[in-house]
Amino acid sequence: MISMTELSKKHVSPESAARLKKRKSAQKRLQMLGIMAITISGLALVTLLWSVFGKATGAITESYIEMTIELDADEIDRDNIRAANFSGMAKSMLKDSFPYVSGRTPRRQMYDLISVGAAFELRDMVMENPSLVGQTITFEFLASDIADLYLKHSYGQIEAAPHTGDISLVTEGKVTTIQSSAPDFAPLLVSVRAGLHAKAEGLRTQAQMQENGRVVFDQRAADGEDVEVNLAEAIRRGAARDQFYAQADELDALAAQQGAVFDLDSRTASVFVRVGDSWIKLETISETSGSGEILGEFTQDSYAAADWELMVYATPETARKVSDIQAMLLENLRDADKIVTHFNTHFFTAGDSREPELAGVWGAAVGSFWTMMVTVIFAFFIGVPAAIYLEEFAGDSRATRFVEVNINNLAAVPSIVFGLLGLSVFIGFFGMHRSSPIVGGIVLGIMTLPVIIIAARAAIKAVPPSIRDGAMALGASDLQVSMHHVLPLSMPGILTGTILGMARALGETAPLIMIGMVAFIVDIPDGPTDNATVLPVQIFRWADFPERAFEARTAAAIVVLLLFLFVMNFAAIILRKRFERRW
Amino acid sequence: MTNVKISNRHVDVYYGDNHAIKDVSIDILDKTVTAFIGPSGCGKSTFLRCLNRMNDTISSCRITGDILMDGEDIYAKSVDPVQLRARVGMVFQKPNPFPKSIYDNVAYGPKIHGLVDNKTDLDEVVELSLKRAAIWKEVKDRLNESGTSLSGGQQQRLCIARAIATAPEVLLMDEPASALDPIATAQIEELIDELRHQYSVVIVTHSMQQAARVSQKTAFFHMGDMVEYGDTTEIFTNPVDQRTQDYITGRFG
Amino acid sequence: MTFLTALSIVALAVLFYNFSRIRAISAANGVQANLHSRPSYHGLYSFLWVFLVGVTALIIGSILTPHPMVLFGVVAGLSAAVGIWTTRGITAETRARNKAERIVTGILWACAGVAVLTTIGIILSLVFETYNFFESLGWRVDKFLFGTRWSPLSGLQDGVMDPDRVGILPLMVGTLMITAIAMIIAAPIGLLAAIYLSEFASQRVRGWVKPMLEVLAGIPTVVYGFFAAITVAPLLRETGDLFGLKIASESALAAGIVIGIMIIPSISSLADDVINSVPQSLRDGSLALGATKAETIRQVVIPAALPGIFSAMLLGVSRAIGETMIVVMAAGQGANLTANPFEAVTTITVQIVMLITGDTDASTAAGPAFSLAFTLFCVTLVLNIVAMRVVRKYREAYD
């Protein structure tokens, strides 16, 4: 038999105190878990914003190459400036500026330093000011994405390496041999070898992956599943595996080469000897010597240690978009102060483009604007009357409840389904125009409708019955009460809900992709029936482009989108604070 | 011979700027039912909640003065409110059974405080508590049903059983019968009278008849002051203060 | 021309508004008190009729697409005729206010009906294409639901698909795996955050954390997709390399983690709501028995809030299943039937996007795409309905 008084004594026993300590630490643990959960969410948000904003900084500025160009009156017809070949003129200007660049590939790489858009910008300037024809002017040519990224150090850098020796040059035919009085190239050999071994390991990993795939397809074939297809795939994978292994062995052999002269190629670091604007890109090196082709002009046969530079591009040429020639030319241009950096106006004024340096978000922003216009008109002018009806006129009938359940369910339907609705009804059935803001706007409007109806009903419900009763007592009809008294009072709440609904719609992507708003559209739309794209879809498309320069632009477009969302949410908060009424 | 269980000296309670309890000194006796009466908003519930430090859960609440239980200051740093509340049980105005089975409701206290080591003992404590709360007969066949499935009066007795099972020394009751019908009220009052033999019981009530029926001692509260404290029979037949007399004769309330 | 026609409808409506108003005033012999309804109601009545008939005619006309001039003539003519009809019989006794109000109420009713129309539209369009698709499969719905191979366009012959290549099991597995990863992230974090916010956090902390969660909730999914593809996936791959794990650059893990992050705020805010709606009296009851706050939360508050928490989780699952952009950008596209979260998997939504945006003839791709969407719609609908029911039951229990 248990005595309760005995049990009572347990509360003040030392065991109870010890137990309490444990219970308290269990409480601390729960609290810590909560703080951890919040910290993790906070960290996720910070990481997300950090990575987006960090990447976006790459798109703040753009590079220009400042060059003098002769606007030859023979080449340009003053009456038809548009027809002149500005692109050709720009190319010959480059050819004249760097006469030592010869050969088809090097020339093409040189031309690729300036954007294809630069010639059009030059043309536009001349068309605006025809008196320039015949003059020689200094013009800032927009740099290509590759040049811009090199100048922003995105591909690594050509950097000076330490050296102590004096060099002497001997030229035989095209090849110039450099002999240094010190083992200046020795450190490079170590890193070149290590680099080659690492590369070989990477290839072996890929070979192993191919082998894994081969086993799977072989097994499928053995199981009698699509024998021919799977067998062919297995053979293909086997061949790829062997190719990777062969390449890896080749690299290892290259690294193991112990001879005095070591071949450099596009898979190793690039090494240069530089005097002023002139370079020798080394094809072979040994500890004290190297050889390669001259780019520019070397006037002396020998140079003291202080007069030449040993330059190294640690990233192999195959691992970067910018070629050695381009990098050398850009270094020369930078040293000659010909590189100018400006705020990236293209990004904020241009429409879409396949060339990253010419691509901008203005077209998408305008498209978003038209789409949002249609959305707000549709959702607001249907949503608010619907809310008034449900809140003020509809009794608590079965039909009303059905409509309510409907609205709640619609709010939770995946957005992609709304896209398919738009596709089949507006484009399929009504034959409306694909990728126009009007269709996109209506689809987003249908999606936003439940949000606005729910918000508007809450706002209407918040108006106290005393207001209604007062107006009723003056002989106003139900409709007059709603329209003249209830609606104006609930308007701030309705508008807040509308803005928040719009903010959600502004970021929606999937339904718009369904109705074909993913087309490549360069022009800025003039109205809701023009072809257009919208900001989030633009982000989606750019994120998919392989050009590295689009990464920064995608991030910058996200920043623009987030900015719009921030402004809208801020407006909603202000509106709510300003008109918040306590009845 | 009855000892002083809880001794209160110059207790003041503030809710923010609101001075809710003003300089109250009162000795609560062991094995006695003490009733706090007074008009609503007079501070009787607030004072009751000081005795098991339930006011600690309200951040704006501030308490000064001394409250000693068996001579030990319950607001001392060394006293943990969690441990204190195990010794000072409480029953609320509205029955608040947990959404668990009847058995688990009663076993909750003994389990968290580790009062028993095995299932047999726990079963025994549960049965004993339910019996003492005079509800065993009604629920003994449905211990696995939810506590919320009981009627209001049964729920309140379940809550009393739940408080008893924790083996407290003092039992605080905040208008325990106000939400119940007359029959359930009578059962609860009968129960309180039983409990007096084991515990020090403090009951807040706005029903003077109830105070007269169940308590031996009565304290009258008015606007934060404790106006009068004494034997229940004395207070009801021969009040000293004019306000007490006005209240018990129904002039205000 | 459409714009001009629309403008003419408005112009006619305004014209008849004024015309009716003047007719009404003259019918009252200039004494407005003689009128049953004020003149502006007579005007409104005509306005509404002209406007509604005009707009209806314009919409029907736009679908039939006759010659623009014919359309203009018919629309303007009809509007004018209705206008004349409404002004014809105006007397002082005409109950214009009641009639006009009935029309306005009708318009309000119609607006509320749009929500129902939308649902009907969704169901009809999905069912229509799904029916056709299943018919072309010879009603082998079993192959669709339980088949293990998904490559509908590879077995295409004369626009008819091979029933053996339209099995959605790989997509289901992919979707479920990503949803499971997302919930493993979001469920504990969201719930613990909600518990901390509602039971422990000071007003100040709440004032900071709540807006932070709202920001997290307001970020568009395409941004999450970019984050998954550019930041999370490479990070995972590198971390995997450290431990000798092969994590594909497009993996279920990356997409799942980021979807998890995305649904943390919705779970925590729903859970916060349900925890807050557990009556304080239950907490008091537990604390008064000498329970610690943590014991009260674990043994009283959470069990009491369990149905609500359960439905918050269901809504989270429903969002994860229907999420599109993050998986399109980070989960990969090959329909592998795999249980390895480090590999690329594909989901229902990804396949819908690929089918619709792909190069295949739209009418061919529509069949499987709409059937997938119908499956998705049904699954999320069931989840939502169950969740809403549970929540309603739960609220009834405490209100």
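As a reminder, the structure under discussion sits directly above these lines.
Residues numbered from 1 in each chain as written. Chains lettered and ligands numbered in written order. Predicted model: local features only at pLDDT ≥ 70, side-chain atom pairs only at ≥ 80, totals over all residues. Heavy atoms only, no water.

Asks: What am I meant to see in the overall build of chain A here?
Replies: For chain A, the helix and strand inventory stands at 19 helices and twelve strands. Relative to the 2.2 N^0.38 estimate, which gives 25 Å for 583 residues, the radius of gyration of chain A is 35 Å and therefore markedly larger than a compact globule would have. Its C-alpha atoms give chain A principal-axis dimensions of roughly 110 × 100 × 60 Å. Expressed as a percentage of its 583 residues, the buried residues of chain A come to 50%. A separation of at least 24 residues holds for 75% of the contacts in chain A among residues at least 6 apart in sequence. As presented, chain A carries roughly 27500 Å² of accessible surface, and 58% of it is formed by carbon and sulfur atoms. (Helix = DSSP H or I, 4+ residues; strand = E, 2+ residues; numbered from the N terminus. Rg over C-alpha atoms; globule rule 2.2 N^0.38 Å. Buried < 20%, exposed > 50% of the residue type's maximum accessible area, 1.4 Å probe, protein only. Contact = heavy atoms within 4.5 Å. Areas by Shrake-Rupley, 256 points an atom, 1.4 Å probe, with all protein chains shown as cover.)

Asks: In this structure, what is going on with the interface of chain C and chain B? I would like to understand it.
Replies: For interface size, the figure often reported is the accessible area lost on association. Each partner contributes residues to the interface: chain C has 17 residues there, and chain B has 22 residues. For the pair chain C and chain B, the two sides together bury roughly 1500 Å², of which 64% comes from carbon and sulfur. On inspection of chain C and its partner chain B, the count reaches zero salt bridges. For the interface between chain C and chain B, the tally reads four residue pairs in polar contact (both at pLDDT 80 or more). For the side of chain C that touches chain B, the secondary-structure elements that each account for two or more residues are α10 (280-288) and α11 (293-322) of chain C. Here the element with the most residues in the side of chain C that touches chain B is α10(C); it accounts for seven residues. Classifying every residue of the side of chain C that touches chain B by side-chain character gives eight nonpolar, seven polar and two charged. (Buried area = accessible area lost by both parts, 1.4 Å probe. Salt bridge = Lys/Arg side-chain N within 4 Å of Asp/Glu carboxyl O. Polar contact = N/O pair within 3.5 Å; in protein donor to acceptor, adjacent residues only side chain to side chain. Nonpolar A, V, L, I, M, F, W, Y, C, P; charged D, E, K, R; others polar.)

Asks: I'm lost on the pattern of salt bridges in this one. Help?
Replies: Any two side chains of opposite charge can pair, on the condition that their charged atoms come close. Summed over the entire model, instances satisfying the criterion amount to 49 salt bridges over all chains. Each member of the salt-bridge network shares a partner with another, and the members are A:E211, A:R214, A:D218, A:R241 and A:D242.

Asks: Please clarify how helix α14 (residues 437-461) of chain A should be interpreted in this entry.
Replies: Three- or four-residue spacings in an α-helix give side chains the same orientation, since the helix completes a turn every 3.6 residues. Residues and elements named next belong to chain A. Along its 25 residues, α14 runs 34 Å from first to last C-alpha, staying within 8% of the 36 Å computed at 1.5 Å per residue. Of all the bends in α14, the greatest, near 40°, is centred on T448, and the proline P450 appears no more than four residues after it. Buried residues dominate α14, accounting for 19 of its 25 residues. (Expected span 1.5 Å × (residues − 1). Bend = angle between axes of the 7 residues up to and from the residue.)

Asks: I keep staring at the nonpolar core and nothing clicks. Help me out?
Replies: For soluble globular proteins, nonpolar side chains are generally found buried alongside one another. Judged by nonpolar contacts, the single largest core of 251 residues is most densely connected at B:L130, B:I160, B:M173, B:L195, C:Y224, C:I352 and C:L372. The leading source of residues in this core is helix α6 (residues 169-200) of chain C, at 17 residues. Beyond its immediate stretch of four places on either side in the chain, B:M173 contacts B:L48, B:V91, B:I160, B:I192, B:L195, B:V201, B:V202, B:I203 and B:V204. A:L71, A:W279, A:L329 and A:L330 belong to the second largest nonpolar core, which has 52 residues in total. (Core = buried A, V, L, I, M, F, W, Y, C linked by side-chain atoms within 4.5 Å.)

Asks: Just checking my understanding: could you explain the interface of chain C and chain A for this structure?
Replies: Counting residues at the interface gives 72 residues for chain C, matched by 73 residues for chain A. Among the residues chain C hides against chain A, the three largest losses belong to C:L108, C:Y196 and C:F226. Together they make up 10% of the total. Our enumeration of links across chain C and chain A arrives at two salt bridges. For C:R149, the salt bridge identified is with A:D226, shortest N-O distance 3.2 Å.

Asks: Sorry, what's going on with unusual backbone geometry here?
Replies: Of all residues except glycine, most have a negative phi; of all peptide bonds, most are trans. One non-glycine residue, A:S435, adopts positive backbone phi at about 50°. Structurally, A:S435 can be placed in the loop between α13 (415-429) and α14. Classification of A:S435 by relative accessible area gives buried; the value is 6%. Its identity as a non-glycine residue notwithstanding, B:H10 has a phi of 50°, on the positive side. Here B:H10 lies in strand β1 (residues 4-15).

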